[in-house]
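So the chains spell out like this:
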Amino acid sequence: MGDPVTEYTARLQQQERDIQSLSAEIESLKNPQDLNASARLEELREENARLKYRLNILKRGLQEERTMMNINQRLQEVFGEAIRAACPELDNPPLAVAPNQQAKFGDYQCNSAMAMAQMLKAKGVKINPREIAEKIIQNLPDNELVEKTEIAGPGFINIHLKRAFVSKLLSNLLVNGVQPPPLAAKKRVVVDFSSPNIAKEMHVGHLRSTIIGESMCRLFEFLGYDVLRLNHVGDWGTQFGMLIAHLQDQFPNYLTVSPPISDLQAFYKESKKRFDEEEDFKKRAYQCVVRLQSKEPDIIKGWNLICDVSRKEFQRVYNCLDVSIIERGESYYQDMMTDVVKEFEKEGFAQLDEGRKIVFIPGQPIPLTIVKSDGGYTYDTSDLAALRQRLFDEKADIIIYVTDSGQSTHFQVVFAAAQMIGWYDPQVTRVEHAGFGVVLGEDKKKFKTRSGDTVRLMDLLEEGLKRSMDKLKEKERDKVLTPEELSKAQRSVAFGCIKYADLSHNRINDYVFSFDKMLDDRGNTAAYLLYAFTRIRSIARLANIDEATLRKAAETSEVLLDHEKEWKLGKCILRFPEILQKILDDLLLHTLCDYLYELATTFTEFYDSCYCVEKDRQTGEVVKVNMWRMLLCDATAAIMAKGFDILGINPVDRM
């Protein structure tokens, strides 16, 4: 028998042709009496709808076969059904399934019985949680993954998975690659991150937003979402008046000859000094702001020149960190702000307060200022305009702002105002501020240079490259790697360690920046994981097993899980979709780092206990290759590679 999907598709296509031909026939006859053709057409349409339904089921089954299953989610479906059948009198009974912390008690655990007993007690029904656990087990539907269950303690249900089921999932992973679970619906995600200010250097504070935001985008993209990465740069406002006025004085012919501004930071400081000290210059600066807002061509040219110098500097950082992002600064939303103010006035939400227009939102600690007393707009106005544009023009289903936690109140009030005016319903659209703590020096104070200045991001990245090379030379890698391999390893370690040190900490907390700790190849660091990854990748290479041999083995041989360390590693590999789902819910990326570290250490336990390649002790020649174990090595490396990709880390083959 042929492939059912191909068969159904061919029948569908034939039917589509028949329907078109009959539709054309009816159209040409234009005769309401011709009921035979019309009846035949209806018959075909019904058959066509049935075939489409069958085809979709087959396609979904095929897709599920090719993608990674979230075992925890599948167990929740199975136990959810059993819980509802066991206690139909409970509305929304609690569903708690989690991996078991101790292998001797099974693979997963369902802890719902105790909470259900409490709910029944509140309804006046007294029942022992163990009895409820018994009823849950009796009502378990037939399923493909549970081998056996046991009741432990006050009512925990220990769940043992079928080994054949886990083995099959590992084979699917090896044959199809690391594919995310199917998405119910493709959603549009906007992530607002990085957001440096024009004419100012990117500093260590921007590092966190850039690294965290990039990683979130990569996660959403891997899971199949449509992602728009936005850089909300500070490219508008009064500071541009003084910068343009200073540009006119320093480079009077800037319209025809591009000014050689090499150090924009110094240029900014000079203009600020003049703005503070020279009254005449201050007046001209304000005039330039008005002319910029009126979009006078000469002033816009000066503004663009200044923005371009900054863009080039920002791009150097983004190139190092392998970040892609679309610039859409405050200037983009200027013309939209008037409409925002009008809308709040029309709905009766705007109030006058000492010449300002403010908006009070019930339950919020502070009002928003949407128009200043001088008639200008504020950050509040531009953030409202940006949010409105993302909801209505971009049609975003999820919007995430990655900025420091100091802005959490501001965003809380902006989001509340948007809900109050009816722009979005939080039950339907997810709008969230993913805040993060500050970067501290090793003295636990805000990270600064010795002279007390903010640390330039480019200086930090260059220092990382230098230290990474020192570390590689200390390990004498320069003697075994080619110059090209050494350079790749240097960049991989330097930028990988900087990213991982940030992402492996809970983003909500402050974290201490330490090159010594991040470059240490022991413990939960990128250096350790990168070395572990290259070691795993080298196992097949040293046994002279190529990609094609591994692929053939994946398609033809079973992944055996008889040894306890094989079983532990197999289950750990398959937890990857659960980890990603958790991060999708709470946007805390350190969970992925913790998982990769656990995977690497679980692999080490497996490798120390289970021979993958057996060699002759005298000659060192390969005597036997345990192919199922080589497949476990390959699956581990595949998951680690995808985890690195989500974190924005580039591993290398040789290190």
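Residues numbered from 1 in each chain as written. Predicted model: local features only at pLDDT ≥ 70, side-chain atom pairs only at ≥ 80, totals over all residues. Heavy atoms only, no water.

### Things to note about the overall build of the protein chain
- Across its full length, the protein chain holds 23 helices and 16 strands.
- Seen through its principal axes, the protein chain has C-alpha atoms that stretch 90 × 85 × 65 Å.
- Burial statistics for the protein chain: of 655 residues in total, 47% are counted as buried.
- Of all intrachain contacts in the protein chain linking residues separated by at least 6 positions in sequence, the fraction that spans at least 24 positions is 74%.
- Within the structure as shown, the protein chain displays about 32,900 Å² of accessible surface, and the carbon and sulfur contribution to it stands at 48%. (Helix = DSSP H or I, 4+ residues; strand = E, 2+ residues; numbered from the N terminus. Buried < 20%, exposed > 50% of the residue type's maximum accessible area, 1.4 Å probe, protein only. Contact = heavy atoms within 4.5 Å. Areas by Shrake-Rupley, 256 points an atom, 1.4 Å probe, with all protein chains shown as cover.)

### Quick word on the nonpolar core
- By size, the foremost hydrophobic cluster in this structure holds 168 residues, and its most contacted members are L75, F79, F513, F576 and L592.
- When residues of this core are assigned to their parent elements, the largest contribution, 12 residues, is made by helix 11 (residues 297-321).
- Apart from residues lying up to four places away in sequence, L592 is in contact with F576, I579, L580, I583, G643, I646 and L647.
- Counting residues in hydrophobic clusters, the runner-up holds 32 residues, among them V340, F344, I399 and V431. (Core = buried A, V, L, I, M, F, W, Y, C linked by side-chain atoms within 4.5 Å.)

### Thoughts on the environment of I366
- Counting through the fold element by element, I366 comes out in the loop between strand 9 (356-359) and strand 10 (368-371).
- Note on I366: relative accessible area 43%, which makes it partly exposed.
- As for I366 and H410, which are separated by 44 residues in sequence, their C-alpha atoms are 8.6 Å apart.
- Residues contacting I366, with those up to four places away along its chain left out, are T409 and V413.

### Focus on the pairing of strand 5 (residues 188-192)
- Most of strand 5 sits inside the fold, with 4 of its 5 residues counted as buried.
- Two elements, strand 5 and strand 6 (residues 226-231), share 5 bridges in a ladder whose sense is parallel. Note that in strand 6 the partner of R188 across the bridge is D226.
- The parallel pair strand 5 and strand 6 is bridged by helix 7 (residues 204-222), and the resulting crossover is right-handed.
- Alignment of strand 5 against strand 11 (residues 398-401), held across 4 bridges, turns out to be parallel. Residue V190 lies in a different strand from strand 11, and its bridge partner there is I399. (Pairing = 2+ DSSP bridges. Right-handed = clockwise from strand over helix to strand, strands pointing away.)

### Some remarks on the sheet that holds strand 9
- Across the sheet, 3 strands lie side by side as 8-9-10; this open sheet has antiparallel pairing. The sheet is open, and its two borders are formed by strand 8 (350-353) and strand 10, each paired with just one other strand. Between one strand axis and the next, the sheet turns through 45 degrees on average, direction left out of account.
- Looking at chain direction, strand 8 and strand 9 are connected through 4 bridges and run antiparallel. In the strand pairing of strand 9, L352 is matched with K357. (Axes fitted to C-alpha atoms, helices over the stretch in contact; angles between N-to-C directions.)

### So, the UniProt feature "domain: DALR anticodon binding" (unreviewed entry) in the protein chain
- The positions that UniProt labels "domain: DALR anticodon binding" (unreviewed entry) are, in the present scheme, residues 529-655.
- As annotated, residues 529-655 comprises 69% helix and 6% strand, and the C-alpha atoms at either end are separated by 12 Å. (UniProt positions renumbered as here; feature names shortened; annotations may be inferred.)

### Here we look at the sheet that holds strand 4 (residues 156-161)
- Strand order across the open sheet formed by 4 strands is 1-2-4-3, with antiparallel pairing between neighbours. Because the sheet does not close on itself, it has two edges, and the strands there are strand 1 (97-99) and strand 3 (146-152). Averaged over all neighbouring strand pairs, the angle between strand axes comes to 25 degrees, with direction disregarded.
- When strand 2 (residues 108-110) meets strand 4, the two strands line up antiparallel, connected through 3 bridges. Across the sheet, Q109 pairs through a bridge with N158, a residue of strand 4.
- Against the sheet, helix 5 (residues 129-138) makes contact with strand 3 and strand 4, and its axis sits at roughly 170 degrees relative to strand 3, the strand it touches most.

### Some words on the packing of helix 8 (residues 239-250) against helix 10 (residues 279-293)
- In contact at an axis separation of 7 Å, helix 8 and helix 10 are set at 110 degrees when each is read in the N-to-C sense. Considering the angle they form, helix 8 stands roughly perpendicular to helix 10. Each of F240, G241, M242, I244, A245, H246, Q248 and D249 in helix 8 lies in contact with helix 10, whose residues at this interface are F281, R284, A285, C288, V289, R291 and L292.
- Residues belonging to the contact of helix 8 with helix 10 are distributed by class as follows: 9 nonpolar, 3 polar and 3 charged. (Parallel < 35°, antiparallel > 145°, perpendicular 65-115°, else oblique. Nonpolar A, V, L, I, M, F, W, Y, C, P; charged D, E, K, R; others polar.)

### Focus: the side chain of E330
- Structurally, E330 can be placed in the loop between strand 7 (326-327) and helix 12 (334-346).
- Although E330 lies buried, it forms no salt bridge, and the closest oppositely charged side chain, R390, sits 9.9 Å away as judged by the N-O distance.
- Those residues in contact with E330 that lie beyond four places of it in its chain are H232, V233, G234, D235, W236, M337, Y379 and S382. (Lys, Arg positive; Asp, Glu negative; His and termini not counted. Salt bridge = Lys/Arg side-chain N within 4 Å of Asp/Glu carboxyl O.)

### Describing unusual backbone geometry
- Despite not being glycine, S195 shows a phi value in the positive range, around 50 degrees.
- Inspection of the secondary structure puts S195 in the loop between strand 5 and helix 7.
- You will see that K295, though not glycine, has its phi angle at about 60 degrees, which is positive.

### Describing helix 6 (residues 163-176)
- With 14 residues, helix 6 extends 20 Å between its outermost C-alpha atoms, agreeing within 8% with the 20 Å of an ideal straight helix rising 1.5 Å per residue.
- Buried within helix 6 we find F165, V166, S167, L169, L170, S171, N172, L173 and L174. (Expected span 1.5 Å × (residues − 1).)

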